[in-house]
Amino acid sequence: MLRPRITPCLLISKGGLVKTVQFKAPKYVGDPINAVKIFNEKESDELIVLDIDATVNGAEPDFKRIADLAVECRMPLCYGGGIRTAEQVKRIVGLGVEKVAVSSAAVQNPPLISQMAREVGSQSVVIVFDVRKRAGGAVHEVWTHNGTRNTGRLLDEAVAEAESFGAGEIVVNSIDNDGQMKGYDLALAKHVRQITRLPMTVLGGAGSLDDIGRVIEACGVVGVAAGSLFVFKGTYRAVLINYPNQTVKDELVRRFTKPTVQHS
Amino acid sequence: MISVVDYGIGNIQAFLNVYKRLNIPARTATTPQALQGASKVILPGVGDFDHAMQRLDESGMRDALDALVLRDRIPVLGICVGMQMLARCSDEGARPGLGWVDGLVRGFKSLPPAASLPLPHMGWNDVLPVAGNRLFDQLDVGARFYFLHSYYFQCNRSEDSAATTTYGAAFSCAVNAGNIFGVQFHPEKSHHWGTRLLQNFAAL
C-alpha cells in the first residue's frame with residue numbers, strides 16, 4: 001500500500017533555519033544541517049528545504065549548500081529557492097537531490113516546466129504554489145516572492161498548466177494559514193485533489209498530528225507537509241525539532257484512512 | 001571493493017555515505033580502468049531512460065561492465081532507472097537497454113488500474129520479496145521503500161522477479177537473474193530498510 005507522506009518543510013534565510021507566520025516575521029530556529037541530521041535519526045518520510053532569500057534577492061541557488069544538504073540527507077530531499085532554468089535543475093539533481101521545487105519561474109513561464117522535465121524527468125520537477133484566497137471571494141490566487149507579489153493567476157489554471165507541461169508533483173502552500181498552527185485549509189486541499197491527477201503535497205497550518213490526519217481523511221494518499229509543527233513544541237513555541245515515529249505515523253494514517261476510499 | 005558507476009547520472013554520494021556508515025569499502029568508478037578489480041558494481045540512475053543510456057555509452061565503461069557482469073559474473077545492482085537499463089528496451093525511449101535481464105520497461109499509463117492513480121508513483125510502499133532471495137535477507141516482513149517513477153520493469157520470465165509492489169496493480173519492483181540484481185525503489189534513501197538491502201548486497 002502506498003502511504004501518505006508526512007514531510008517536514010524547512011525554510012532557510014541568511015544561512016539559518018527560520019520559521020515564518022503568514023510568510024512574515026522569520027524566527028531563527030537553528031542550523032539546517034543539524035536539523036537534517038535529526039530528521040535522519042527520526043526517519044522522516046521526505047524533507048523539503050526552501051531557500052526563501054534567493055528569489056527575492058534575484059540570486060542563484062546556493063549550490064554549495066545544496067551539495068552539503070544532499071550529502072547529509074538520508075531521506076528523499078526536495079530543494080527549492082531561486083531556481084529559474086532547466087540547467088540549474090539538472091545541476092541540483094546531479095548533486096543528489098531527488099526533487100527540485102520551482103515556483104515563480106514556473107508560474108511566470110509554464111513551458112519552462114517541459115524543459116526541466118526533459119532534463120531530469122517529470123518525477124523530479126515539483127511546482128510550488130503559494131496561494132492566498134482572493135479578497136471577498138472563494139478562489140485562490142498564486143503569489144510569488146514570499147507572498148509579496150500577486151501574480152493574479154488563478155490556482156486552478158496554474159495547476160492545470162503545470163500538469164499539462166509535465167510537472168511531477170505540486171505543492172500547495174496556504175499563505176493565509178502559514179505558521180498559524182490552527183489546521184490546514186481542508187476545502188482548498190480537497191479542491192486541488194479533485195482538479196489534478198498529479199501527486200500533491202499540502203502545506204500550511206498544521207498545529208497537530210490530527211491536522212495532518214484530517215488532510216489524509218479528506219484527500220487520501222497525498223503528501224502532508226508542515227514547518228512549525230516539527231520545529232516548535234508547546235504554547236510558547238520553544239524550538240524543539242520533533243517528528244512522529246513509525247508506530248505513531250502508522251496509527252495516525254490508519255485512524256484517518258477510510259477503508260473504502262483509495263485515491264480520491 | 002564495491003564500485004558505484006559514476007556516469008553523470010544519479011546520487012553516487014548517497015551510496016558511498018551508506019557504505020561509509022557500514023564500514024564497507026566502496027568507491028566511484030568513472031573510467032573503465034577504475035572498474036578493474038571491482039568485486040561488485042552498483043549502477044544508479046534517475047531521469048530519462050535514453051539520456052541515461054546515452055551517458056553510460058559515452059562514459060566508455062560499457063565494455064568493461066559487460067566483461068565484469070557477463071564474463072566474470074560479479075554481482076551488479078541497478079537502482080531505479082539503473083534497474084530499467086538492465087532490460088532490453090523501454091517504452092520511455094528509443095535506445096536499446098543493456099539487455100542483461102529478459103524484460104522490457106513499460107509505462108504505468110498502459111497498466112490499468114495503475115493508470116487511474118496519480119503518476120508518478122511517489123512515496124513509501126510495501127515490498128514483498130520472493131522467499132529466500134538474499135538481497136532481501138531480513139526484509140521479508142514489513143519492509144517499505146521509497147519509490148519515485150512512472151515506468152516499471154516487466155519480466156519476460158517470471159522467475160526473474162525478486163519482489164513485487166502494488167500500485168493499483170502488482171508489478172516487479174526488484175529483479176534477479178543470476179548475478180544481476182535490480183531494484184526500482186531507492187534503497188539509498190529508504191532509511192534502515194534500504195541500509196539493510198545495501199548491506200545484503202555487499203554480503204552476496
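Scoring rules and cut-offs
- Residues numbered from 1 in each chain as written.
- Chains lettered and ligands numbered in written order.
- Predicted model: local features only at pLDDT ≥ 70, side-chain atom pairs only at ≥ 80, totals over all residues.
- Helix = DSSP H or I, 4+ residues; strand = E, 2+ residues; numbered from the N terminus.
- Buried ≥ 20, exposed ≤ 12 C-beta atoms within 10 Å, placed from the backbone.
- Contact = placed C-beta atoms within 7 Å.
- Nonpolar A, V, L, I, M, F, W, Y, C, P; charged D, E, K, R; others polar.
- pLDDT = per-residue confidence, 0-100.

**Points about the overall build of chain B**
- Helix and strand counts for chain B stand at six helices and 13 strands.
- The principal-axis extent of the C-alpha atoms belonging to chain B is close to 45 × 40 × 30 Å.
- Burial statistics for chain B: of 204 residues in total, 54% are counted as buried.
- The contacts in chain B between residues at least 6 apart in sequence include a share of 70% that link residues at least 24 apart.

**Description of the interface of chain A and chain B**
- Contacts between chain A and chain B engage 24 residues on the former and 22 residues on the latter.
- Here the residues of the side of chain A that touches chain B sort into nine nonpolar, seven polar and eight charged.

**Focus on the confidence of the model for chain B**
- The pLDDT averaged across chain B works out to 95; a share of 100% of its residues lies at or above 70.
- For this predicted complex, the interface confidence reaches an ipTM of 0.92, while the overall pTM sits at 0.94.

**A short note on the environment of Gly204 of chain A**
Residue and element names in this part refer to chain A.
- Mapped onto the elements of the fold, Gly204 is located in the loop between strand E11 (200-203) and helix H9 (209-219).
- Considered as a pair, Gly204 and Asn177 are 27 residues apart in the sequence and their alpha carbons are 5.3 Å apart.
- Setting aside chain neighbours within four positions, we find Gly204 in contact with Asn173, Ser174, Asn177, Asp178, Tyr184 and Asp185.

**Points about unusual backbone geometry**
- Here the amide bond leading from Pro112 of chain B into Pro113 of chain B is cis, since omega sits at 0°, within 30 degrees of zero.
- As for its placement among the helices and strands, Pro113 of chain B is situated in the loop between strand E6 (103-107) and strand E7 (121-126).
- Even without glycine at this site, Gln22 of chain A takes up a positive phi of about 50°.
- Residue position: Gln22 of chain A is located in the loop between strand E2 (16-21) and strand E3 (24-30).
- Here Gln22 of chain A falls in the partly exposed class, since 15 other C-beta atoms lie within 10 Å of it.
- Non-glycine residue Asn23 of chain B carries a positive phi angle of around 60°.
- Tracing the backbone through its elements, the reader meets Asn23 of chain B in the loop between helix H1 (12-21) and strand E2 (26-29).
- Of the residues examined, Asn23 of chain B has 6 C-beta atoms within 10 Å and is grouped as exposed.

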